[in-house]
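Listed below, chain by chain, are the residues.
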Amino acid sequence: MSVMVARKKVVRKWEKLPGRNTFCCDGRIMMARQKGIFYLTLFLILGTCALFFAFECRYLAVQLSPAIPVFAAVLFLFAMATLLRTSFSDPGVIPRALPDEAAFIEMEIEATNGTVPQGQRPPPRIKNFQINNQIVKLKYCYTCKIFRPPRASHCSICDNCVERFDHHCPWVGNCVGKRNYRYFYLFILSLSLLTIYIFTFNIVYVALKSLKIGFLNTLKETPGSCSQSLTVLTVLEVLICFFTLWSVVGLTGFHTFLVALNQTTNEDIKGSWTGKNRVQNPYSHGNIVKNCCEVLCGPLPPSVLDRRGILQQEESTAQEGPCPRGPSTQGPPATQGPGQAEESHSVLSPQVPVPSLSDAEMPEEKQRTPGELPVSSPDAGRAEH
């Protein structure tokens, strides 16, 4: 006989979150689904630094100072730590509205705008919000069913609204927003310093070797080996640093300019605070130091997603096996009576109350004599079971 058993399955909230994100380590790591360029970033940084530590650092530590590889290692570790912190964190995703909240917002919008005649375009869903005596418009997100907070925007790649959205960076494999912008800026700053450092000491290495054996012989020789393949790797390292130098250093300068103005990349591209129509940036303090302190040193808000919260779902499973009988089920008669049919039904559905039978209503086989011990009721048998 099969018995339905209810089991509770623990489900984390990150498993049910909408959007196009990937979660690892039980929801602790949050990234975008497109991670191919992020792996390329790791390969370029790790490969270039491995070549530098394997070849040039050993020669420079002996000829100049042992502090050269130490400082390079510090820059490398700091750049990797900030990269992983940017890539694996919640950038500031705003939760979508629940069905009840979305219905309430729709009712408010309909009450405000009134009924729109058929064939006419409804007015834009906008709310006015005042910040530092400046009117800021809050736009309605048709995907998340919310009025986005100031400076928030919907990322089309991750399909989420992100607070203080700056941009989606495929090189780090994540959005850059309020909760990870400072780590993104520190990453590109440290990567710029690391690239300049490696490129500079590559030139120093070539210059020192050229003084001893000549420039042409230096290109054919590498520390510890004269293999042509190692020479190609050294040249490849110089080329990677050269081309990375222009892009990363330029990106760092651009974001330094944005931090000084307390502005985001999204606002700069859209021209939100260009001064047209007398609209100024309400978030700027008018002081470079104050703007930098707010963006890079201000309090970091906690994540509002509760990714590792628990959702309990019940699963009903059928188990095959003999159904044990209580004291009241011993010696069943050949034919089922009305009371026995109710009893077998109550085993599968314990919530249904079973009416007790009086001595007069009991079958003739179960009526007790005055000197006979009482037989337990079906409810008692089930309780004991």
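Looking at an unreviewed UniProt entry, one finds the protein named Palmitoyltransferase, with Pitta sordida as its source organism. Check the Catalytic activity (unreviewed entry) section of the UniProt entry for the protein; it says "L-cysteinyl-[protein] + hexadecanoyl-CoA = S-hexadecanoyl-L-cysteinyl-[protein] + CoA". Regarding the protein, the relevant UniProt record gives this comment under Sequence similarities (unreviewed entry): "Belongs to the DHHC palmitoyltransferase family. ERF2/ZDHHC9 subfamily."

Visitor: Would you explain the overall build of the protein in this entry?
Guide: Secondary structure assignment for the protein yields 10 helices and 12 strands. Taken across its 385 residues, the protein has 35% of its residues classed as buried. Counting only contacts in the protein whose residues sit at least 6 apart along the sequence, the fraction spanning at least 24 positions is 66%. Only carbon and sulfur atoms are counted for the fraction: they give 62% of the accessible area of the protein, which is about 23,500 Å².

Visitor: When you look at helix H1 (residues 36–63) in this model, what are you seeing that I'm missing?
Guide: Structural remark: α-helix, 3.6 residues per turn; residues separated by three or four positions point the same way. Between its terminal C-alpha atoms H1 stretches 40 Å, which fits the 40 Å expected from 28 residues at 1.5 Å a residue. The sharpest bend along H1 reaches about 45° and sits at Glu 56.

Visitor: What am I meant to see in the state of the cysteines here?
Guide: A disulfide bridge is the covalent bond that connects two cysteines by way of their sulfur atoms. The tally for this structure, following the rule as stated, stands at zero disulfides. Considering cysteine sulfurs only, Cys 175 is the nearest to Cys 158, which forms no disulfide, with 3.5 Å between them. For Cys 158, a relative accessible area of 2% corresponds to the buried category.

Visitor: Just checking my understanding: could you explain the side chain of Arg 182 for this structure?
Guide: Mapped onto the secondary structure, Arg 182 falls in helix H4 (residues 181–213). Buried within the structure, Arg 182 lacks any salt-bridge partner; Glu 294 is the closest side chain of opposite charge, at an N-O distance of 9.2 Å. Within the structure, the side chain of Arg 182 is placed 2.6 Å from the backbone oxygen of Gly 298, a separation counted as a polar contact. Those residues in contact with Arg 182, other than ones at most four positions away along the chain, are Val 295, Leu 296, Cys 297, Gly 298, Pro 299 and Leu 300.

Visitor: Teacher, can you tell me more about the packing of aromatic side chains here?
Guide: For any two aromatic rings, the description comes down to two numbers: the centre-to-centre distance and the angle of the planes. Counted by the stated rule, this structure contains 15 aromatic pairs. Centre to centre, the rings of Tyr 197 and Phe 201 are 4.7 Å apart; their planes meet at 55°, and the pair counts as tilted. One end of the pair is Tyr 197 and the other is Phe 201, both in helix H4 and four residues apart, which spans about a single turn. Note on accessibility: Tyr 197 and Phe 201 belong to one class, buried. One aromatic cluster is present, formed by Phe 199, Phe 242, Phe 243 and Trp 246 through successive ring pairs. The aromatic ring of Tyr 181 is capped on one face by Arg 164, whose charged end is 5.4 Å from the ring centroid.

Visitor: So what exactly am I meant to see when it comes to the environment of Ile 240 here?
Guide: Along the chain, the position of Ile 240 falls in helix H6 (residues 228–261). Distance in space between the C-alpha atoms of Ile 240 and Ile 45 is 9.6 Å, their sequence separation being 195 residues. Ignoring anything within four residues of it in the chain, the contact list for Ile 240 reads Leu 44 and Thr 48.

Visitor: What exactly am I supposed to notice about the sheet that holds strand S8 (residues 153–155) here?
Guide: In space, the three strands of this open sheet follow the order S4-S9-S8, with antiparallel pairing throughout. Lying at the two open borders of the sheet, with one neighbouring strand each, are strand S4 (93–94) and S8. For S4 and strand S9 (residues 160–162), the ladder comprises two bridges, and the chain directions are antiparallel. Of the residues in S9, the one forming a bridge with Ile 94 is Cys 161.

Visitor: What's the story with a nonpolar patch on the surface in this structure? I'm lost.
Guide: Taken together, the side chains of Ile 37, Leu 40, Phe 43, Leu 44 and Trp 171 make up a nonpolar region of the molecular surface, amounting to roughly 480 Å² of accessible area. Within the element layout of this structure, Leu 44 appears in helix H1. Assessed through its relative accessible area of 30%, Leu 44 is described here as partly exposed.

Visitor: Help me understand the side chain of Glu 267 in this model?
Guide: Its place among the elements puts Glu 267 in helix H7 (residues 265–270). Within the structure, the side chain of Glu 267 is placed 2.9 Å from the side chain of Arg 151, a separation counted as a polar contact. Once residues lying within four places of it in the same chain are set aside, the contact partners of Glu 267 are Arg 151, Ser 272, Trp 273 and Tyr 283.

Visitor: Sorry, what's going on with the environment of Tyr 142 here?
Guide: Relative to the assigned elements, Tyr 142 resides in the loop between strand S6 (134–141) and strand S7 (146–147). For Tyr 142, a relative accessible area of 53% translates into the label exposed. Sequence separation between Tyr 142 and Arg 125 is 17 residues, and the spatial gap between their C-alpha atoms is 9.6 Å.

Visitor: What exactly am I supposed to notice about the sheet that holds S7 here?
Guide: Sheet strands line up and pair through hydrogen bonds in the backbone, either parallel or antiparallel. Strand order in this open sheet of three strands is S5-S6-S7, and the pairing throughout is antiparallel. This sheet does not close on itself; its edge strands, each paired only once, are strand S5 (126–131) and S7.

Visitor: What is the right way to look at the pattern of salt bridges in this model?
Guide: Side chains that differ in sign of charge can pair as their charged atoms come close. This model, assessed by the stated rule, comprises three salt bridges. Of the charged contacts, one joins Arg 96 and Asp 159 as a salt bridge, the two residues approaching to 3.1 Å between their closest N and O atoms. Here Arg 96 is found in the loop between S4 and helix H3 (99–113), whereas its partner Asp 159 is found in the loop between S8 and S9, with 63 residues between them in sequence. Given the relative accessible area of 25%, Arg 96 is considered partly exposed. The buried category is assigned to Asp 159, whose relative accessible area is 18%. Glu 163 is the salt-bridge partner of Lys 178, the closest N and O atoms lying 3.5 Å from each other. Here Lys 178 is found in the loop between strand S11 (174–176) and H4, whereas its partner Glu 163 is found in the loop between S9 and strand S10 (167–169), with 15 residues between them in sequence. Take Lys 178: its relative accessible area is 35%, and that puts it in the partly exposed class.

Calculation notes
All chains use their own residue numbering, which begins from 1 and follows the written sequence. Totals for whole chains, interfaces and linings use all residues, but because this is a predicted model, local features are given only for residues with pLDDT of at least 70 and pairs of side-chain atoms are given and counted only at 80 or more. Excluded from the side-chain calculation are hydrogens and water; included are all heavy atoms of the structure. UniProt positions are given in the numbering used here, feature names are shortened, and annotations may be inferred rather than shown by experiment. Every helix listed is a DSSP run of H or I at least four residues long, and every strand listed is a run of E at least two residues long, numbered separately from the N terminus. A simple rule labels every residue: compare its accessible area, found with a 1.4 Å probe on the protein chains alone, to the largest value its type can have, and call it buried under 20%, exposed over 50%, or partly exposed in between. We call two residues in contact whenever any of their non-hydrogen atoms come within 4.5 Å of each other. The accessible surface values rely on the Shrake-Rupley method and a 1.4 Å probe; as for residues, cover is taken only from the protein chains in view. Helices are assigned an expected span. That span is 1.5 Å times one less than the residue count. A residue's bend is the angle separating two fitted axes: one through the seven residues that end there, the other through the seven that start there. The disulfide criterion used throughout: a pair of cysteine sulfur atoms within 2.5 Å. We count Lys and Arg on the positive side and Asp and Glu on the negative side, and we leave His and both chain ends out. One side-chain nitrogen of Lys or Arg within 4 Å of one carboxyl oxygen of Asp or Glu is enough to make a salt bridge. The definition of a polar contact used here is a pair of N or O atoms within 3.5 Å, where within protein one atom must be able to donate a hydrogen and the other to accept one, and adjacent residues in sequence count solely through side-chain atom pairs. Geometry of aromatic contacts follows a simple scheme: Phe, Tyr and Trp rings, the Trp one being its six-membered ring, pair when their centres are within 6.5 Å, and the pair is stacked under 30 degrees between planes, edge-to-face over 60, tilted otherwise. By the criterion adopted, a ring carries a charge over it if an Arg CZ or a Lys NZ lies within 6 Å of its centre and within 35 degrees of its normal. Here, any two strands with at least 2 DSSP bridges between them count as paired. Like charges within 9 Å and nonpolar side chains (Val, Leu, Ile, Met, Phe, Trp, Tyr) within 5 Å are joined into patches, using only residues over 30% in relative accessible area that form no salt bridge.

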